[in-house]
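Read off the chains here:
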Amino acid sequence: MNIKKLQQVELKILEQFINICNKENLQYYVLGGTLLGAVRHKGFIPWDDDIDVAMPRKDYEKFLNVAQKYLSQEYFLQTYISDKEYFLNFAKIRNSNTTFIQNCFSKCNMNHGIYIDIFILDYYPINKIKCLLLNLKNKIFLFRINEIYNLSKADYSLYKKFCVKSLAKILKIFYPNIYSVLIKRDILFKSIKKSNLITNYGGLYGKKEVSPIEWFGKGINLQFENLTVKAPIEYDKYLTQIYGNYMKLPPKEKQISNHPTDIIDLEKPYTEYIKKGNIK
């Protein structure tokens, strides 16, 4: 698979996303590897296989309400509401005429097209006790999600197996299905009404994702391939906090994608692979 062709498919999705944000006057920022690529490469990191953007919660929720009417027919706005077996708390825009089946989603009967991620920027509590409680509740929700989809690969001792099974049975009573978990998790993330800190709860980097609101501001324009994208004003501080010396390339053996994938097909829709039994 030619990764540059994959990136071009994703770039077209990003272009539509930006057009919608401009039409509706919505704030967004490129984050993660996409921001790093914009700063270091003026486009994709050569081995990167996805695009990450984030929106403040109020802009994100407005985007969900208006996006589908603007999107081209082949694009699908995926959330845990629009796609019942999708179990993440942030949205994706997927190209339904393509296939990108990741290992973690291989058992899910859902849209598996090539995508971009749309993360949410929520407030993060300053109070340490509130932080501990929020993180504990989030771990409980993640445990239930992993249990529903059998994602955990941990090898427990006999005692821990008993505790895990007991906890799983209790949580099943309170959260009988994936929707009940995700809606409660969303409520948890929205429960912090005001703070001078924000974070991407769906990100990979944990506490490194927590940063002052002023680092983001109204955004600053950067070049990303043939597009102009919005980045946090203090992108240097953000990238340094997450990656350290981000301008230094990683060693060759680490120049790989972070998304283990079963099937990638730029020419055939994911539905062809569902018919063949590659999913479920």
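All values derive from a computational prediction rather than experimental measurement. Position numbers for residues count from 1 along each chain, tracking the sequence in the order it is written. A pLDDT threshold of at least 70 governs which residues receive local features in this predicted model, and a stricter bar of 80 or more applies before side-chain atom pairs are shown or counted, although totals over entire chains, interfaces and linings include all residues. Derived side-chain values reflect all non-hydrogen atoms in the structure, with water molecules and hydrogen atoms excluded from consideration.

### Observations regarding empty space enclosed by the protein
A cavity here means a set of points on a 1 Å grid, drawn over the protein atoms and nothing else, where a 1.4 Å probe fits but cannot get out; a pocket is an open set with protein on both sides within 12 Å along at least five of seven lines, and a residue lines either one if it has an atom within 4 Å of a point. Grid points are joined across faces, edges and corners, and a volume is the space filled by probe spheres set on the points. On inspection of all chains with the given rule, the structure shows one cavity of 30 Å³ or more. Counted as a void, the largest cavity has a volume near 60 Å³. What lines the largest cavity is Arg57, Asn89, Phe90, Ile120, Asp122, Phe189, Asn200, Tyr201 and Gly202. Only Asp, Glu, Lys and Arg are considered charged, only Ala, Val, Leu, Ile, Met, Phe, Trp, Tyr, Cys and Pro nonpolar, and every remaining residue, Gly among them, polar. Class assignment of the residues belonging to the lining of the largest cavity gives a composition of four nonpolar, three polar and two charged.

### A word on a nonpolar patch on the surface
On the surface, Ile170, Ile173 and Phe174 cluster together into a nonpolar patch covering about 370 Å² of accessible area. Comment: elements are numbered from the N terminus, with helices defined as DSSP H or I runs of at least four residues and strands as E runs of at least two. Mapping Ile170 onto the fold places it in helix 5 (residues 158-174). Residue classification places Ile170 among the partly exposed residues on the basis of a relative accessible area of 46%. Like-charged residues are merged into a patch within 9 Å and nonpolar side chains (Val, Leu, Ile, Met, Phe, Trp, Tyr) within 5 Å, provided each residue has over 30% relative accessible area and no salt bridge. Each accessible area is a Shrake-Rupley estimate made with a 1.4 Å probe; only the visible protein chains count as cover when residues are assessed. Note on definitions: salt bridges are taken to be side-chain nitrogens of Lys or Arg within 4 Å of carboxyl oxygens of Asp or Glu. Exposure is judged per residue with a 1.4 Å probe applied to protein chains only, and the accessible area is read against the type maximum: over 50% gives exposed, under 20% gives buried, and values in between give partly exposed.

### A look at the packing of helix 4 (residues 128-148) against helix 6 (residues 178-190)
Lines fitted to the C-alpha atoms define the axes, with helices restricted to the stretch that makes contact. Angles between their N-to-C directions range from 0 to 180 degrees. Taken N-terminus to C-terminus, the directions of helix 4 and helix 6 make an angle of 160°; their axes are 10 Å apart at the nearest point. By the angle between their directions, the pair helix 4 and helix 6 is classed as roughly antiparallel. Seen along the crossing, helix 4 lies across helix 6 with a hand that is left-handed. Mapping the contact onto sequence places Leu134, Lys137, Asn138, Phe141, Leu142, Arg144, Ile145 and Ile148 in helix 4 and Ile178, Val181, Leu182, Lys184, Arg185, Leu188 and Phe189 in helix 6. Tallied by class, the residues present in the contact of helix 4 with helix 6 amount to ten nonpolar, one polar and four charged. Roughly parallel refers to an angle under 35 degrees, roughly antiparallel to one over 145, roughly perpendicular to one between 65 and 115, and oblique to any angle outside these ranges. Here is the rule for handedness: rotate from the far helix to the near one, and if that takes an anticlockwise turn smaller than a right angle the crossing is left-handed, while a clockwise turn gives right-handed. Residues count as neighbours in contact if any of their non-hydrogen atoms are within 4.5 Å of one another.

### Quick look at the packing of aromatic side chains
Pairs were defined over the aromatic rings of Phe, Tyr and Trp, the Trp ring being its six-membered one, requiring ring centres within 6.5 Å. Orientation was assigned from the angle between planes: stacked under 30 degrees, edge-to-face over 60, tilted for the rest. Taken as a whole and assessed by the stated rule, the structure comprises 14 aromatic pairs. Relative to Phe105, the ring of Tyr86 has its centre 5.9 Å away and its plane inclined at 25°; by these criteria the two rings are stacked. A residue pair is termed long-range when its members are at least 10 positions apart, and Tyr86 in the loop between strand 3 (75-78) and strand 4 (91-95) and Phe105 in the loop between strand 5 (99-102) and strand 6 (114-123) qualify at 19 residues. Judged on exposure class, the residue Tyr86 and its partner Phe105 are both buried. Among the aromatic side chains, those forming a connected cluster through ring pairs are Phe17, Tyr28 and Phe63.

### A look at helix 2 (residues 32-40)
Among the nine residues of helix 2, nine are classified as buried, and the element is accordingly described as predominantly covered. What helix 2 keeps buried is the set Gly32, Gly33, Thr34, Leu35, Leu36, Gly37, Ala38, Val39 and Arg40. Looking at the buried residues of helix 2, the elements they touch are strand 1 (29-30), strand 2 (52-56), strand 9 (220-224), strand 10 (227-231) and helix 7 (235-243). Lys42, located one to two residues past helix 2, shows a positive phi value of around 55°.

### Focus: the pairing of strand 10
Burial along strand 10 is one-sided: Leu227, Val229 and Ala231 are buried, while Thr228 and Lys230, pointing the other way, are not. Summarising the sheet, strand 9 and strand 10 pair through five bridges and their orientation is antiparallel. Each bridged residue has a counterpart across the sheet, and for Phe224 the counterpart in strand 10 is Leu227. What sits between the antiparallel neighbours strand 9 and strand 10 is a turn of two residues, in which Glu225 has the positive phi angle 55°. A pair of strands is treated as paired once DSSP finds two or more bridges between them.

### Observations concerning the nonpolar core
Side-chain atoms within 4.5 Å are what join buried Ala, Val, Leu, Ile, Met, Phe, Trp, Tyr and Cys residues into a set we call a nonpolar core. Judged by nonpolar contacts, the single largest core of 75 residues is most densely connected at Leu14, Phe17, Phe63 and Ile93. Not counting the four nearest positions on each side in its chain, Leu14 is found in contact with Ile51, Val53, Ile116, Phe224, Leu227 and Val229. With six residues, the next largest nonpolar core counts Leu6, Val9, Phe100 and Leu266 among its residues.

### A few points about the side chain of Asn89
As for its placement among the helices and strands, Asn89 is situated in the loop between strand 3 and strand 4. Side-chain polar atoms of Asn89 contact the backbone oxygen of Leu182, separated by 3.3 Å. Each polar contact in these results corresponds to two N or O atoms within 3.5 Å; when the atoms are within protein, one needs to be able to donate a hydrogen and the other to accept it, and residues that are neighboring in sequence are counted only if both atoms are side-chain atoms. Within polar-contact distance, the side chain of Asn89 engages the side chain of Arg185 at 3.2 Å. When neighbours within four sequence positions are excluded, Asn89 is seen to be in contact with Tyr60, Tyr80, Ile120, Leu182, Arg185, Asp186 and Phe189.

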